[in-house]
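Single-letter residue listing:
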Amino acid sequence: MARRNLAWVLGILGVAVLAFAVGHSAPTRDRDRDYELVRLVVDVLQEVRTRYVRELTPDEQRRLVESMVNGGLERLDPHSAFINPEEYKQFTRQTKGIFGGVGLSLGVDPQKGNVLTVVSPIVGTPAHEAGILAGDIILKVDGKSTEALGMNESIDAIQGEPGTAVTLTVLHEGDKDPVDITVKRAVVKVPSVLGDRRLPDGSWDFMIDKEKKIGYIRLSSFSETAPAEMKEALATLQKQGMTGLILDLRGNPGGLIRAAVEIADLFLEQGRIVSTKGRVAQEEAFEAVGPGTILQPVREHPITVIINRYSASASEILAAALQDHARAVVVGERSFGKGSVQNVIEMESRASALKLTTASYWRPSGKNIHRFPDSKESDDWGVSPDKGHEVKLEDKERINYLRWRNDRDVVRKADHPGRKPVLPDFKDTVLDKALETTRAKLSTHG
């Protein structure tokens with residue numbers, strides 16, 4: 001081979017090697033950084049093992065690493081977390097609609113200083129029967145500060161074996177002094193669909209205006225069973241000749257996105273329900289399909305949706321979809337603004353999982369749902385009532401509503417025949433506004 005040709009080949013090889021090195025330098029640097037971070041955790045764990053004042057058991061070492069991981073994830077956002085094997089079993093049961101605990105849906109409210117807040121008590125559970133209300137702040141669990149424990153450990157401490165007791169130190173919204181409430185844990189079955197009042201047999205009455213044939217459905221959560229429960233309640237109402245519907249999402253903390261999409265699809269013939277956007281994953285859009293749409297024709301069957309400051313996540317997806325497609329009028333107050341998507345990534349051969357915020361929800365209109373820590377009241381987030389349909393409540397009114405609603409949901413047991421209702425003269429002004437709106441729509445198209 002000629003020397004000139006050899007030089008040419010070597011030159012090409014040199015360029016190829018350089019290109020290969022440049023093309024792989026970024027992944028290599030990323031791997032090196034990963035190794036450094038993993039080595040840091042390993043070094044810390046090794047120092048603790050060898051130098052800590054006492055020897056740690058394998059279980060304690062495991063908890064230490066889990067705490068390291070969760071501490072870091074909580075700094076990212078309040079919704080990302082590592083779910084250890086024991087917690088993952090509880091998590092799986094909860095999304096299926098059955099779990100062990102006291103029956104509280106909990107979250108962190110930035111407006112209250114990121115304290116552990118009751119988003120909603122689950123109707124018929126020990127917490128509900130004990131009088132714990134949406135908006136209450138949980139300060140301690142069995143004497144341990146929830147601020148020190150963090151959100152995930154606090155929830156873990158509240159849950160436990162059915163029949164055992166847990167004492168919660170609770171600050172009711174609007175009160176100055178906290179109270180200790182001891183609650184006995186139970187197997188919690190979570191009904192997603194509720195009506196206005198209990199019938200003598202414990203079932204729900206879903207027809208709130210029997211003259212105008214207006215149905216009323218409260219959706220307390222978006223569990224796996226929620227769509228089926230919703231269809232069953234709607235079928236009952238349709239047999240009774242329902243002409244209009246009120247969907248009450250007050251205090252609904254959300255749940256499974258597919259449940260929200262399936263329920264929204266019941267009321268929409270076509271169009272986008274919600275989309276998700278993330279840093280890595282491609283935008284995913286969920287669309288309504290025609291078959292199975294109920295309450296037709298639309299003009300003759302109005303829908304009104306009620307929301308409040310504790311309506312979050314999947315509740316906001318449903319409310320926003322119906323509002324953006326002009327299928328429903330939204331009444332109440334601005335929603336919570338929880339529009340982030342958490343993917344549950346199974347780990348350790350499906351024994352544990354990483355719940356990680358990977359994307360955000362976007363309305364059919366293209367507007368943002370999520371309220372970020374630096375979001376202002378003037379920014380686009382959450383769902384706001386339609387113009388002229390905002391109903392503002394003072395703290396006392398809100399607390400009275402929760403107490404009245406809690407009491408109204410309790411099944412009157414035979415051993416308490418003389419129990420008098422709480423606040424018998426209370427008027428649910430938000431529901432009254434929803435009824436007024438629905439009746440007006442029926443009159444217009446009647």
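Reading the values: the criteria
Residues numbered from 1 in each chain as written. Predicted model: local features only at pLDDT ≥ 70, side-chain atom pairs only at ≥ 80, totals over all residues. Heavy atoms only, no water. Helix = DSSP H or I, 4+ residues; strand = E, 2+ residues; numbered from the N terminus. Buried < 20%, exposed > 50% of the residue type's maximum accessible area, 1.4 Å probe, protein only. Contact = heavy atoms within 4.5 Å. Expected span 1.5 Å × (residues − 1). Phe/Tyr/Trp six-rings, centres within 6.5 Å; stacked < 30°, edge-to-face > 60°. Lys NZ or Arg CZ within 6 Å of the ring centre and 35° of its normal. Salt bridge = Lys/Arg side-chain N within 4 Å of Asp/Glu carboxyl O. Patch = residues over 30% accessible without salt bridge, like charges linked within 9 Å, V, L, I, M, F, W, Y side chains within 5 Å. Areas by Shrake-Rupley, 256 points an atom, 1.4 Å probe, with all protein chains shown as cover. Lys, Arg positive; Asp, Glu negative; His and termini not counted. Charge placed at Lys NZ, Arg CZ, Asp CG, Glu CD. Core = buried A, V, L, I, M, F, W, Y, C linked by side-chain atoms within 4.5 Å. Axes fitted to C-alpha atoms, helices over the stretch in contact; angles between N-to-C directions. Parallel < 35°, antiparallel > 145°, perpendicular 65-115°, else oblique. Left-handed = near helix turned anticlockwise from the far one by under 90°. Nonpolar A, V, L, I, M, F, W, Y, C, P; charged D, E, K, R; others polar. Pairing = 2+ DSSP bridges. Polar contact = N/O pair within 3.5 Å; in protein donor to acceptor, adjacent residues only side chain to side chain.

**Student:** So what exactly am I meant to see when it comes to the overall build of the protein chain here?
**Tutor:** Of regular secondary structure, the protein chain possesses 10 helices and 21 strands. Expressed as a percentage of its 446 residues, the buried residues of the protein chain come to 45%. Here the contacts in the protein chain between residues at least 6 apart in sequence split such that 67% fall between residues at least 24 apart.

**Student:** Just to check I follow, could you spell out helix α6 (residues 226-239) for this structure?
**Tutor:** An α-helical turn contains 3.6 residues, so a residue and the one three or four places further along point in the same direction. Helix length check: α6, at 14 residues, gives a terminal C-alpha distance of 20 Å against a target of 20 Å (1.5 Å per residue), a fit within 8%. Each element contacted by the buried residues of α6 is listed here: β10 (193-194), β13 (207-209), β14 (214-219), β15 (244-248) and α7 (257-267). Looking one or two residues past α6, glycine 241 carries a phi angle of roughly 85 degrees, positive in sign.

**Student:** What should I look at first to understand unusual backbone geometry in this one?
**Tutor:** Across the chain, the bulk of peptide bonds are trans and the bulk of non-glycine residues have phi less than zero. A cis geometry characterises the amide bond from glutamine 296 onward to proline 297, with omega recorded as -10 degrees. Residue placement: proline 297 occurs in the loop between β17 (284-288) and β18 (303-307). The phi dihedral of aspartate 142 is positive, around 50 degrees, even though this residue is not glycine. Mapping aspartate 142 onto the fold places it in the loop between β5 (137-141) and β6 (144-145). A relative accessible area of 45% means that aspartate 142 is categorised as partly exposed.

**Student:** Mind showing me how you'd approach the packing of aromatic side chains here?
**Tutor:** Under the counting rule described, the total for this entry stands at 3 aromatic pairs. The interplanar angle of 45 degrees and the centroid separation of 6.2 Å between the aromatic rings of tyrosine 401 and tryptophan 404 together place this pair among those described as tilted. Linking tyrosine 401 with tryptophan 404, this pair stays in helix α9 (residues 395-409), spanning 3 residues, or about one helical turn. For the residue pair tyrosine 401 and tryptophan 404, the accessibility class agrees, reading buried in each case. Residues tyrosine 401 and phenylalanine 426 carry aromatic rings whose centres are separated by 6.5 Å and whose planes lie at 40 degrees to one another, so their mutual orientation is tilted. Of this pair, tyrosine 401 sits in helix α9 while phenylalanine 426 sits in the loop between α9 and α10 (429-445), and the two are 25 residues apart along the sequence. Across the pair, exposure class does not vary: tyrosine 401 and phenylalanine 426 are buried alike. Each residue in the set Tyr401, Trp404 and Phe426 is aromatic and connected to the rest through ring pairs, giving one cluster. Above the plane of the ring of tryptophan 381 lies arginine 334, whose end atom (NZ or CZ) is 3.6 Å from the centre. Above the face of the phenylalanine 336 ring, arginine 371 is positioned so that its terminal group lies 4.9 Å from the ring centre.

**Student:** So what exactly am I meant to see when it comes to the pattern of salt bridges here?
**Tutor:** Where side chains of opposite charge bring their charged atoms close, a pairing between them can arise. This structure, assessed with the given rule, holds 23 salt bridges. Across the salt bridge formed by glutamate 173 and arginine 309, the nearest N and O atoms sit 3.9 Å from each other. Of this pair, glutamate 173 sits in the loop between β7 (165-171) and β8 (179-184) while arginine 309 sits in the loop between β18 and α8 (314-324); the two residues are 136 residues apart in sequence, bridging distant segments of the chain. Glutamate 173 sits in the buried class, given a relative accessible area of 11%.

**Student:** Would you mind going over α7 with me for this structure?
**Tutor:** Along α7, 8 of the 11 residues are buried, which leaves the element largely enclosed by surrounding structure. Within the sequence span of α7, burial applies to Ala259, Ala260, Val261, Ile263, Ala264, Asp265, Leu266 and Phe267.

**Student:** Hey, could you run me through a negative patch on the surface in this one?
**Tutor:** A grouping of Glu74, Glu86, Glu153, Asp156 and Glu161 is seen on the molecular surface, where their side chains present a negatively charged patch. Along the polypeptide, glutamate 74 turns up in helix α2 (residues 58-76). Using a relative accessible area of 33% as the deciding quantity, one classes glutamate 74 as partly exposed.

**Student:** Quick question: what am I supposed to make of the nonpolar core here?
**Tutor:** Within the largest apolar cluster, 49 residues are counted, with the highest numbers of intra-cluster contacts made by Ile217, Leu245, Leu247, Phe267 and Val305. Setting aside anything within four residues of it in sequence, one finds leucine 245 in contact with Ile214, Gly215, Tyr216, Ile217, Leu234, Leu237, Phe267, Leu295, Pro302, Ile303, Thr304 and Thr438. By size, the runner-up hydrophobic cluster in this structure holds 17 residues, among which are Val102, Leu104, Val141 and Met151.

**Student:** Whenever I open this one, the packing of α7 against α8 confuses me. Can you help?
**Tutor:** To characterise two packed helices, one gives the angle between the axes of the helices and the distance between these axes. In contact at an axis separation of 9 Å, α7 and α8 are set at 25 degrees when each is read in the N-to-C sense. Overall, the two elements α7 and α8 adopt an arrangement that is roughly parallel. In this structure, the crossing between α7 and α8 has a hand that is right-handed. Two secondary-structure elements touch here, α7 through Ile257, Ala260, Ile263, Ala264 and Phe267 and α8 through Ala314, Ile317, Leu318 and Leu322. Within the contact of α7 with α8, the residues separate by chemical class into 9 nonpolar, no polar and no charged.

**Student:** Just to check I follow, could you spell out the pairing of β5 for this structure?
**Tutor:** Put simply, side chains in a regular strand alternate between the two faces of the sheet. Across 4 bridges, β5 lies against β7 in antiparallel orientation. Within β7, the residue paired with isoleucine 138 across the bridge is valine 170. Strand direction decides the pairing type here: β5 and β6, joined by 2 bridges, are antiparallel. Each bridged residue has a counterpart across the sheet, and for lysine 140 the counterpart in β6 is serine 145.

**Student:** Teacher, can you tell me more about the side chain of serine 311 here?
**Tutor:** Structurally, serine 311 can be placed in the loop between β18 and α8. Of note is the side chain of serine 311, whose polar atom sits 2.7 Å from the backbone oxygen of leucine 249. Not counting chain neighbours up to four residues away, the residues in contact with serine 311 comprise Leu249, Arg250, Gly251, Asn252, Glu316, Ser335 and Phe336.

**Student:** Explain the side chain of serine 313 here, please?
**Tutor:** When you line up the elements, serine 313 lands in the loop between β18 and α8. When near neighbours in sequence (up to four residues on either side) are disregarded, serine 313 contacts Pro253, Gly254, Lys338 and Tyr361.

Everything listed is a geometric property; what it means functionally is a separate question.
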